[in-house]
Amino acid sequence: MNLNIVRAVRKRDLRSWFGNPTGYVFIILFVLLSCFALMFANNGEFFSNNLANLDPLNGWFPLLALLFVSASTMNIWASERANGTQELLFTLPGSDFDLQLGKFLAAVSVYTLSLAFTLVLPLALWLLGNPDWGQLAANYLGYWLIGIMLVSVSMVGSQLTQNSTVALILSLLLGVVVLYLGSLFGWATGSLTWQANGPIGQFDLFAGGEVPFSGILLFLGLTVAFFYLGLALLARRHWSSETQGLHSVLRFGGLAVSALAITVIGVQSLPRIDATVEGIHSLGSESETLLAGLDADKPVYITAYVSEQVPENFVQQKKLLLNLLKQFDSLGGAAVEHQVVMPEPYSPEARRAESEFNIRAQQVTLPLPGGGMADIQMYLGFAVQCGTNETVTPFVGPAVPLEYELMRSIRTVSNADRKVVGILKTDVELFGGFDMQTFQQKPRWAIAQELEQQYKIENVDPASEYPADLDCLIVPQGSSLEQEPMTRLQEYVLAGNPTIIFEDPEPLGA
């Protein structure tokens, strides 16, 4: 490699870029579109969420980067052939690799400088709130890695034609295919796990505040693969037969497949660095141990029902739930599968959530910007299934410890030998019942729903013999029992059977 030639080609392309006002226009448009995507995309999600992060931009950035990179590289080789200067480059005392590397470094420099101008966005977040600088650093590392991969891809489009417009279209089409490789493989194989292994899936990890080694390997591997393809296209003038071109294409295919294979392995085995200051992607050691010990032959299925738009005080909880589901799916491998459904009230998905899991839309009061209050219907619950076992959390409040709730549900459904807890029927009907005075159904107590998340619950009739398989008996307000059931309870307790008695000395209904 001749470094002098590499530097000369890079300097020549940079001078050509910054010596033309069009280059500055592209950079300004890139920054303005990034600002618009952050502030106004997704119906003003940035302002409604009231969070100092780049989440609204992250959803659009891969396409923005593809558009900018394709526009900035469309002339990198096409104009050389159109103007007849390509032959002049070939007379330089350097190899094709030197020429390709010089142009690649020039395009990467332009992209890096353009990305640096978008640092006004983290500065604005700092002025408006308290951003997580670790997450922002991971975001920008993902921005840069996906950008250099797209540079390598777009240079191939410019190699295929001498028309700038055609080169732009080819680069865009090729870039879209590469970005959505995971979705394409998932559609072809019918497996949702490919989404996480593709460029968009790995970019989402960076966007969430993680630094996955699998993502670094994928982006760098695809960069090398497409750089080699561009180098092979540049050297096609030396091909003496079509077999040489076929060999080059096969080598490119081998490099690309290797990058994808290493990524798939890396997703399962390589670590991820939690870059967030608050450590929102760091699971507890017990959670990791439980997920690692799950049986792939008895997979756990998690179905989350989450509204697309939630009030401000539920935004962080929704984000945490979605992040945890992705981590569980990744760490659990084939033993954990998750699905996120975003139903609208009264939609078929909403009816299915109610009929299958008894998950209903909850009415939440939302303060309006101009004053006043409004009631909205929202979903934020999940169901965990394993075989015939099932637990349901109908709604997740802002203060609910999500990791604990999810892990408890997974432990419950994956363990067939759940303990049996009996609840003695007294005047305090924890299971609910029918009120003969008001002729209305009494609601089930929250403690009964909570116990069902972890144990097999059995309603015990105080007038009959207690079941022999109870691991524990719960007695709410036992003083309300009549004499014969009270005597039976006393004998049960004196026999040494585990019993928990809840007694209010001055009950409201006394």
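Everything below is about the structure shown above.
Residues numbered from 1 in each chain as written. Predicted model: local features only at pLDDT ≥ 70, side-chain atom pairs only at ≥ 80, totals over all residues. Heavy atoms only, no water.

J.: Let's hear about the overall build of the chain: which residues, and what values?
T.: The secondary structure content of the chain amounts to 20 helices and 14 strands. In terms of overall dimensions, the chain is more spread out than a globule: its C-alpha atoms have a radius of gyration of 30 Å, far above the 24 Å expected for 510 residues. Its C-alpha atoms give the chain principal-axis dimensions of roughly 110 × 55 × 40 Å. The proportion of buried residues among the 510 residues of the chain is 46%. Within the chain, contacts between residues separated by at least 24 positions form 71% of all contacts whose residues are at least 6 apart in sequence. (Helix = DSSP H or I, 4+ residues; strand = E, 2+ residues; numbered from the N terminus. Rg over C-alpha atoms; globule rule 2.2 N^0.38 Å. Buried < 20%, exposed > 50% of the residue type's maximum accessible area, 1.4 Å probe, protein only. Contact = heavy atoms within 4.5 Å.)

J.: Give me the lowdown on the sheet that holds strand E7 (residues 380-386), citing residues and values where you can.
T.: Strand order in this open sheet of four strands is E4-E3-E7-E8, and the pairing throughout is mixed. At either margin of the open sheet sits one strand with a lone partner, and together these are strand E4 (336-341) and strand E8 (389-393). Neighbour-to-neighbour, the strand axes of this sheet turn through a mean angle of 15 degrees, independent of strand direction. Pairing analysis gives five bridges linking E7 to E8, with the strands arranged antiparallel. In the strand pairing of E8, Gln385 is matched with Glu390. Sitting on the sheet, helix H16 (residues 312-332) is in contact with strand E3 (300-306), E4 and E7, with an inclination near 150 degrees to E4. (Pairing = 2+ DSSP bridges. Axes fitted to C-alpha atoms, helices over the stretch in contact; angles between N-to-C directions.)

J.: Describe in detail the packing of helix H6 (residues 96-117) against helix H8 (residues 133-159), supporting the description with residues and values.
T.: The contact between H6 and H8 brings their axes to 10 Å, and the two run at 140 degrees. Between H6 and H8, the angle is such that the two are oblique. Note on packing geometry: the crossing formed by H6 with H8 is right-handed. Counting all contacts with H6, which are made through Gln100, Lys103, Phe104, Ala107, Val108, Tyr111, Thr112 and Leu115, the residues of H8 involved are Tyr140, Tyr143, Trp144, Gly147, Ile148, Val151, Ser152, Met155 and Gln159. Partitioned by chemical class, the residues of the contact of H6 with H8 number 11 nonpolar, five polar and one charged. (Parallel < 35°, antiparallel > 145°, perpendicular 65-115°, else oblique. Left-handed = near helix turned anticlockwise from the far one by under 90°. Nonpolar A, V, L, I, M, F, W, Y, C, P; charged D, E, K, R; others polar.)

J.: Just give me the short version of H16, but keep the residues and values in it.
T.: The end-to-end C-alpha distance of H16 is 31 Å, a good match for the 30 Å that 21 residues give at a rise of 1.5 Å each. Gly333 sits one or two residues past H16 and shows a positive phi near 65 degrees. (Expected span 1.5 Å × (residues − 1).)

J.: So, the nonpolar core: which residues are in play, and what are the values?
T.: Ranked by size, the top nonpolar core spans 68 residues in total, and within it Leu54, Leu57, Phe61, Tyr111, Tyr143 and Met149 carry the most contacts. Here this core takes 13 residues from H8, the largest share from any one element. Those residues in contact with Tyr111 that sit more than four places away from it in its chain are Phe61, Ala65, Phe68, Val69, Tyr143, Trp144, Gly147 and Ile148. (Core = buried A, V, L, I, M, F, W, Y, C linked by side-chain atoms within 4.5 Å.)

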